[in-house]
Structure formats: C-alpha cells, structure tokens
Amino acid sequence: MKQQDEYWMRHALGLARRAWEQGEVPVGAVLVQNDRVIGEGWNRPIGQHDPTAHAEIMALRQGGKVLENYRLLDTTLYVTLEPCVMCAGAMVHSRITRLVYGAHDVKSGAAGSLLDVLGHPGMNHQVELHSGVLAEACAAMLSDFFRMRREQKKALRQAQRQG
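Parameters and conventions
- Residues numbered from 1 in each chain as written.
- Predicted model: local features only at pLDDT ≥ 70, side-chain atom pairs only at ≥ 80, totals over all residues.
- Heavy atoms only, no water.
- Helix = DSSP H or I, 4+ residues; strand = E, 2+ residues; numbered from the N terminus.
- Rg over C-alpha atoms; globule rule 2.2 N^0.38 Å.
- Buried < 20%, exposed > 50% of the residue type's maximum accessible area, 1.4 Å probe, protein only.
- Contact = heavy atoms within 4.5 Å.
- UniProt positions renumbered as here; feature names shortened; annotations may be inferred.
- Pairing = 2+ DSSP bridges.
- Polar contact = N/O pair within 3.5 Å; in protein donor to acceptor, adjacent residues only side chain to side chain.

Along the protein chain, the regular secondary structure elements total five helices and five strands. Secondary structure elements in the protein chain, listed N-terminal to C-terminal, are α-β-β-α-α-β-α-β-β-α. Computed over the C-alpha atoms, the radius of gyration of the protein chain is 16 Å, within 12% of the 15 Å expected from 2.2 N^0.38 for a compact globule of 163 residues. In terms of principal-axis extent, the alpha carbons of the protein chain reach across some 60 × 30 × 30 Å. Taking all 163 residues of the protein chain together, the buried fraction comes to 44%. Put simply, 58% of the contacts in the protein chain that link residues at least 6 apart link residues at least 24 apart.

Moving on, we come to the UniProt feature "binding site: Zn(2+)" (unreviewed entry) in the protein chain. The feature "binding site: Zn(2+)" (unreviewed entry), as annotated in UniProt, sits at His54, Cys84 and Cys87 in this numbering. The greatest C-alpha distance among the annotated residues, which extend across 34 residues, is 9.3 Å, indicating that they converge on a single site. Counting through the fold element by element, histidine 54 comes out in the loop between helix H2 (45–48) and helix H3 (55–67). Given the relative accessible area of 21%, histidine 54 is considered partly exposed. Apart from residues lying up to four places away in sequence, histidine 54 is in contact with Trp42, Asn43, Pro45, Cys84, Met86 and Cys87. Classification of cysteine 87 as buried rests on a relative accessible area of 0%. Apart from the residues within four sequence positions on either side, cysteine 87 is in contact with His54, Glu56 and Ile57.

Another aspect to go through is the pairing of strand E1 (residues 28–33). With respect to burial, E1 is a largely interior element, six of its six residues being buried. The two faces of E1 match: Gly28, Val30 and Val32 on one face and Ala29, Leu31 and Gln33 on the other face are all buried. Counting the residues in the hairpin turn of E1 and strand E2 (residues 36–42) gives two residues, including asparagine 34, whose phi is positive at 50°. Here E1 pairs with strand E3 (residues 76–81) via four bridges, running antiparallel. Bridging across to E3, valine 30 finds its partner in tyrosine 78.

Feature annotation in UniProt places "domain: CMP/dCMP-type deaminase" (unreviewed entry) on residues 3–114, given in this structure's numbering. Along residues 3–114 one finds 41% helix and 22% strand; the C-alpha atoms at either end are 28 Å apart.

What follows concerns unusual backbone geometry. Its identity is not glycine, yet aspartate 35 carries a phi of approximately 60°, on the positive side. By secondary structure assignment, the location of aspartate 35 is in the loop between E1 and E2. Positive phi values are uncommon outside glycine, yet arginine 95 reaches one of about 65°. Locating arginine 95 in the fold gives a position in the loop between helix H4 (85–94) and strand E4 (98–103).

Take the side chain of aspartate 5 next. Locating aspartate 5 in the fold gives a position in helix H1 (residues 2–21). Within the structure, aspartate 5 has its side chain in polar contact with the side chain of arginine 98 (distance 3.0 Å). The contact partners of aspartate 5, leaving out residues within four places of it in the chain, are Tyr78, Arg98, Val100 and Val133.

What follows is about the environment of alanine 19. Relative to the helices and strands, alanine 19 resides in helix H1. The sequence separation of alanine 19 and tryptophan 42 amounts to 23 residues, and the corresponding C-alpha distance is 5.6 Å. For alanine 19, the residues in contact, after removing those within four places along its chain, are Glu24, Val25, Pro26, Val27, Trp42 and Asn43.

If you want it as structure tokens, here you go:
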C-alpha cells in the first residue's frame, strides 16, 4: 500500500506543478478507483474566478462525471496538502473511502490539524485517513512557491520606489 500511495502522490505532485505554472497555489489531487484515475485536479480558484475550484473539488467533480454518480464509493483521493473545511466536507458527502495527503496544514487543515471534519463522530460517513505521504516533497513545493511570491512582491515594491 505504501508504494502505491507514493506512486499516486507523485502523480498529484505533477498536478500541483500545473497549478504553480498557472500562478495558483500548488496543490494537486488525484482520485483513484481500482488502480485507475477517475478524477484529477489542481488549484484553479484565481484563473476560474471560483472560490470552490480547489484541487480536491475538481478531482471529485470529474470522478462524479466518470462514475455518473455523486457517491464516489471505493475510491481513494490523493492530495498534496491537507484539505480545508470545504474540501473535507465534500469528501464526506461524496463517500470516498480513503484520503491520503502529503503536507499538513496547521493554519486551515480540516483533516486533523486545525479541525477534524473527516473523523468527527457526528458525520454520517467516516473517511479512512493516511497523512504524511511524501510530506517533505509536498511541503517543499508549497514553501518554494510562497518564497518565490514574496521575492516577486519585494522586487515589484523596489521597482516602484525607484521608478
């Protein structure tokens, strides 16, 4: 299972790179059923002017279309970053079987870091959770992205002062 989880997380990291290339926060997600991709997504809220266009939501939407069902039974969602409240809620509603994520999100993670939506006893569906898969690579991509953004903003401010 560990080898399989790492394989699919690498796939999700590739999708996260697509988000980065589009100027979006680099988060990628892949939805798998029976060792087959049924949904993929990467963050696109800026480009799509859509606050719900998170990587996980995009992958779940695509999976629903492929299965022609909003219930995504017997599936595993691989995500490079711990999901937010919205995405965790969508996972419960879609009835995915497993969530595997890479980096923890202490500021807004809803799979155990800030809140635990997936494991909340009041939820009508429990999602099996595995965290920390390729966590260093997932966290490094996010850190590098935000470092680059800060450097760009700093350079812009300096150019404006000199102009």
